Structure formats: structure tokens, C-alpha cells
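# Structural characterization, general
Each chain, letter by letter, is given below.
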Amino acid sequence: MVWVAHDGDNLNDLYFYDGNIINKLTTSDNNLAPGIHDSFIAWERWASGKSEIYFYDGERISRLTNNNYDDRGPSIWKNHVAWHAYKRNTADPDVFYYDGNTVRQLTQRNKNSNPVVWGDNVAWQGFDDTGRWQIFVYNGTATKQVTFYTNRDASPPDMWGDAIVWTALRSDIYDYEEAKKTREVYLYDGKEVHRVTDNDYEDIFPVVWGQNIAWLGKVDNEDENEDDYEIFFSYKD
């Protein structure tokens, strides 16, 4: 496991437990947003007013970026890392991907953010020309647009293998306030998009592992003043 701790010098350092001992990975600058897979770790390091992406391969630390972007939000799968980056003085992030050897820029127009990586696949949330947040996926060679919403937005995705999950408002309810209460979970299986939930409450924050999907659902609580969020789970035998 990996975590950030404040050491009393107005900076955050990174710590890693390898199953036997706790290792301190950083001793300088401000280190944030770590992700871990096996013994590989990626994180943001803030210095000189901007952030860069760093990577630990189990033996040594490497700096993956050195640019005029603010590089943020790394997602990691083994030695593959994806993140989004804001070019200085702009509000339109782009998605970058490290395949274990080289860094490549996957997007160059509109807003693209919140990437997740699994093997050679990278999924993210991006604007298309309609001004709506859509789901995109890069398969190691080409990028494909998965959703084509015209009156709703896709949430940041999660991914496992070819499977991608996200949430979006229902398209058959035209009142926004009512539609917001019935946000549903969707799944892309590598070929088609499937609707996972069909209920009258808000489903949020889906995660996927294998053929299993879990998410939070906002359920009306008649006995309390506030609604409750419950955990839901979908699986295949």
C-alpha cells in the first residue's frame, strides 16, 4: 500500500508498505495523489509552481514528465501510467500515456480528463464537438469514441480489461432535476454499451473488476430527513 503523510515541513512525502517494512520514497517537494499496482507507484510531485508525474518501478524513481503542463491524476497498471495535464494558462486538459517505454499524448483538442489505464487500454472522459462529456478509449493503436450523448454527460470512468463503467442521466426524462435523481450505471464490454441499472434513484461512482461492478445508490429514507447512499453490487457467476 502507498500513502501520503505530512512531515511538519509544509510538504507531503510518500510512504510505501511492501508487505514487510514501510519505506519512505520521497524527501523533497510536495508529493500527492499516489496510485499503486503491484510494486509500481505513480504520483504527482509539485515543485516550482507546477506538478510533474513520477514513477517508482520497485527499485528506482523516474520522472515521466518535464514540460510546461500541470500533470495530474495518474492512474497506474503495472508499469503503464495515464494522466491528464493542463497546459499553462489554459483550462483544457489533455490525456497522456506512458506504456512502460515512452510517453505519448493521446488527445489534442477539447477537454479530456480523468483517465484510467489497464494494460494497453486507456479510457477517459472528454468533450466532443457537441460540448458534452463523452467516454473515449485508446486500445494501444487507435482511439474510439464510446458514447454519443446529446443531452447528458458521462461521468469519469473506471476500467478493468476491456470493460468500462460510468454513469449518465437517463435520456427518457427531460426535466433535469428529475433526471438527476435517476442517474444510471452503464457498461461498455469492448463491443457494445449496456445499461446496468434501471431504478428511480441516483447511482454514482461505479467501479469494475472482472465481471463484477459495484456502485453507490442514493435511496429514499422515509424515516430520516436525509437520503442514504447504499452500496450495490452486480456480478456474473
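Remember, predicted model here, so these are calculated numbers, not experimental data.

Conventions and cut-offs
- Residues numbered from 1 in each chain as written.
- Predicted model: local features only at pLDDT ≥ 70, side-chain atom pairs only at ≥ 80, totals over all residues.
- Heavy atoms only, no water.
- Helix = DSSP H or I, 4+ residues; strand = E, 2+ residues; numbered from the N terminus.
- Rg over C-alpha atoms; globule rule 2.2 N^0.38 Å.
- Buried < 20%, exposed > 50% of the residue type's maximum accessible area, 1.4 Å probe, protein only.
- Contact = heavy atoms within 4.5 Å.
- Areas by Shrake-Rupley, 256 points an atom, 1.4 Å probe, with all protein chains shown as cover.
- Patch = residues over 30% accessible without salt bridge, like charges linked within 9 Å, V, L, I, M, F, W, Y side chains within 5 Å.
- Salt bridge = Lys/Arg side-chain N within 4 Å of Asp/Glu carboxyl O.
- Pairing = 2+ DSSP bridges.
- Axes fitted to C-alpha atoms, helices over the stretch in contact; angles between N-to-C directions.
- Core = buried A, V, L, I, M, F, W, Y, C linked by side-chain atoms within 4.5 Å.
- Phe/Tyr/Trp six-rings, centres within 6.5 Å; stacked < 30°, edge-to-face > 60°.
- Lys NZ or Arg CZ within 6 Å of the ring centre and 35° of its normal.

### Focus on the overall build of the protein chain
A tally of helices and strands in the protein chain yields one helix and 22 strands. Radius of gyration (C-alpha) of the protein chain: 19 Å, near the 18 Å computed for a compact globule of 237 residues. By residue count, 46% of the 237 residues in the protein chain fall in the buried class. Considering only residue pairs separated by 6 or more positions, the protein chain has 25% of its internal contacts joining residues 24 or more positions apart. Split by element, the accessible area of the protein chain, about 12,900 Å² in all, is 45% carbon and sulfur.

### Some points on a nonpolar patch on the surface
A cluster of nonpolar side chains, namely Met 1, Tyr 17 and Ile 22, defines an oily patch on the protein surface of about 320 Å² accessible area. With respect to the element layout, Met 1 can be found in the segment before strand E1 (2-6). Classification of Met 1 as exposed rests on a relative accessible area of 58%.

### Concerning the sheet that holds E1
One open sheet accounts for three strands, arranged E1-E2-E3; its pairing is antiparallel. With one partner strand each, in any of the chains shown, E1 and strand E3 (22-24) form the two edges of the open sheet. Here the strands of the sheet are splayed against their neighbours by 35° on average, with no regard to which way each runs. In this structure, strand E2 (residues 12-17) lies alongside E3, joined through three bridges in antiparallel fashion. By the bridge assignment, Tyr 17 is partnered in E3 with Ile 22.

### As for the pairing of strand E4 (residues 30-37)
Judged from the six bridges that link them, E4 and strand E5 (residues 40-47) form a sheet pairing that is antiparallel. Its bridge partner lying in E5, Asn 30 is registered against Trp 46. Hairpin connection of E4 to E5: two residues between the antiparallel strands, including Asp 38 at a positive phi of 55°.

### Quick notes on the sheet that holds strand E6 (residues 50-56)
Strands sit in the order E4-E5-E6-E7 across an open sheet of four strands; the sheet is antiparallel. On the outer flanks of this sheet lie E4 and strand E7 (61-63), each paired with one strand and no other. Across the sheet, the axes of successive neighbouring strands diverge by a mean angle of 25°, strand direction being ignored.

### So, the nonpolar core
A general tendency of soluble globular proteins is for nonpolar side chains to be buried together. One finds Leu 106, Val 122, Trp 124, Ile 164 and Trp 166 to be the most contacted residues of the largest nonpolar core, which totals 24 residues. For this core, the secondary structure elements donating two or more residues are strand E10 (93-98), strand E12 (112-118), strand E13 (121-127), strand E14 (133-138), strand E17 (163-168) and strand E18 (184-188). Ranked by the residues each element gives to this core, the list is headed by E14, at four residues. Counting residues in hydrophobic clusters, the runner-up holds 12 residues, among them Phe 40, Phe 55, Leu 64 and Val 81.

### As for the pattern of salt bridges
Within this structure, the stated rule accounts for 11 salt bridges. The residue Glu 184 makes a salt bridge to Arg 170 at a minimum N-O spacing of 3.8 Å. With a gap of 14 residues between them, Glu 184 in strand E18 and Arg 170 in the loop between E17 and helix H1 (176-180) connect regions that are remote in the sequence. A relative accessible area of 16% places Arg 170 in the buried class. Here the residues in one salt-bridge network are Arg 170, Glu 184, Arg 195 and Asp 198, joined through shared partners.

### Some remarks on the packing of aromatic side chains
Taken as a whole and judged by the stated rule, the model has 18 aromatic pairs. Residues Trp 43 and Tyr 54 carry aromatic rings whose centres are separated by 6.2 Å and whose planes lie at 25° to one another, so their mutual orientation is stacked. Of this pair, Trp 43 sits in strand E5 while Tyr 54 sits in strand E6; the two residues are 11 residues apart in sequence, bridging distant segments of the chain. In this pair, the class of Trp 43 matches that of Tyr 54, namely buried. Taken together, the ring pairs in this structure connect Trp 77, Trp 118, Trp 160 and Trp 209 into an aromatic cluster. Directly above the ring of Tyr 54 sits Arg 45, whose terminal nitrogen or CZ lies 4.3 Å from the centroid.

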